[in-house]
Every structure is written in C-alpha cells, then in structure tokens.
Amino acid sequence: MSDEFVVKREDTASGGRYVVYLPDGSEAEMTYHRSAPNVISIDHTGVPDAFRNRGLAIQLVNAGIADAQAEGTKIVPLCSYVAAQFRRHPDWAPLLA
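All values reported here derive from a predicted model rather than from experimental measurement. Residue positions are given per chain, counting from 1 as you read along its sequence in written order. Restriction of local features to residues with pLDDT of at least 70 applies here, the model being predicted, together with a cutoff of 80 or more for giving and counting side-chain atom pairs; totals for whole chains, interfaces and linings are based on all residues. Excluded from the side-chain calculations are hydrogens and water; all other atoms, namely the structure's heavy atoms, are used.

**Student:** Tell me what's going on with the packing of helix 1 (residues 56-71) against helix 2 (residues 80-88), and back it up with residues and numbers.
**Tutor:** At a minimum axis distance of 11 Å, the contact between helix 1 and helix 2 shows a crossing angle of 70 degrees. Here helix 1 lies roughly perpendicular to helix 2, going by the angle between them. In this structure, helix 1 meets helix 2 at a crossing whose hand is right-handed. On helix 2, the residues that touch Ala57, Ile58, Val61 and Ile65 of helix 1 are Tyr81, Val82, Gln85 and Phe86. Each residue receives one of three labels: charged for Asp, Glu, Lys and Arg, nonpolar for Ala, Val, Leu, Ile, Met, Phe, Trp, Tyr, Cys and Pro, and polar for the others, Gly being one of them. Taken together, the residues that form the contact of helix 1 with helix 2 break down as seven nonpolar, one polar and no charged. Angles shown run from 0 to 180 degrees and are taken between the N-to-C directions of axes, each axis being a line fitted to C-alpha atoms and, for helices, limited to the stretch in contact. For helices the rule is a DSSP run of H or I covering at least 4 residues; for strands it is a run of E covering at least 2, with both sets numbered from the N terminus onward. An angle below 35 degrees is treated as roughly parallel, one above 145 as roughly antiparallel, one from 65 to 115 as roughly perpendicular, and anything else as oblique. Crossing chirality is assigned from the near helix's rotation relative to the far helix, an anticlockwise turn below a right angle marking it left-handed and a clockwise turn marking it right-handed. Whether two residues are in contact is decided by their heavy atoms, any of which lying within 4.5 Å being enough.

Right under this line is the structure:
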C-alpha cells in the first residue's frame, strides 16, 4: 500500500520535473527535457532513501503518463526506472517516441 503524496509539475522552457515535496523537506522527483516540440525525454527519477518503497516513483511516472496522454506528448524513457515501467505497461506503447 502506498502513501498518498501530491505530485506537482514544474515546467521550464527546456524541460521540467514532477516533484513531491516531502514532510522532512526533501524531494522526490522525475526530471525531463524537451527533445522536440511534442516529445519529452525522461532522464531521472529519484526518491530519498527514507521514502523508498512507498510508491512515490510510480506516482511520479503516472503523473507524467497522464499529462502525456492528455497533451498528445510522446516520451523517450532514458531513465531505467521509467523504461522498466514502459515494459510493464504495454498499453503505454503509443506514448513512446
């Protein structure tokens, strides 16, 4: 069972991140950069050790997937965790760039 955390999206001109601000002041994040107008490359997912095994990483990925589906964005999963999630979710294949 995972704790429920609020995932926020922070965009910049060249990319951005999905972030969870944690109670101890640390952050869990999934970062990406724009590799084309409608393509993002997810390059990192990180969760502090104290918050591992609570489902935070998959919550970050799910937020990115939901936004990509809603916005018609394709994804290049450079991060090994995100690539593994794409293998586990064949229904996400249409989102692959």
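**Student:** Mind laying out the pairing of strand 3 (residues 27-36), listing which residues take part and the relevant values?
**Tutor:** DSSP bridges decide pairing: two strands pair if at least two such bridges lie between them. Of the strand pairs in this sheet, strand 2 (residues 15-21) and strand 3 are connected by seven bridges, and their pairing is antiparallel. In the sheet register, glycine 16 faces strand 3, and the bridge partner there is tyrosine 32. Pairing geometry for strand 3 and strand 4 (residues 39-46), over seven bridges, is antiparallel. Residue pairing in the sheet places histidine 33 in a bridge with serine 41 of strand 4. Between strand 3 and strand 4, which pair antiparallel in sequence order, lie two residues.

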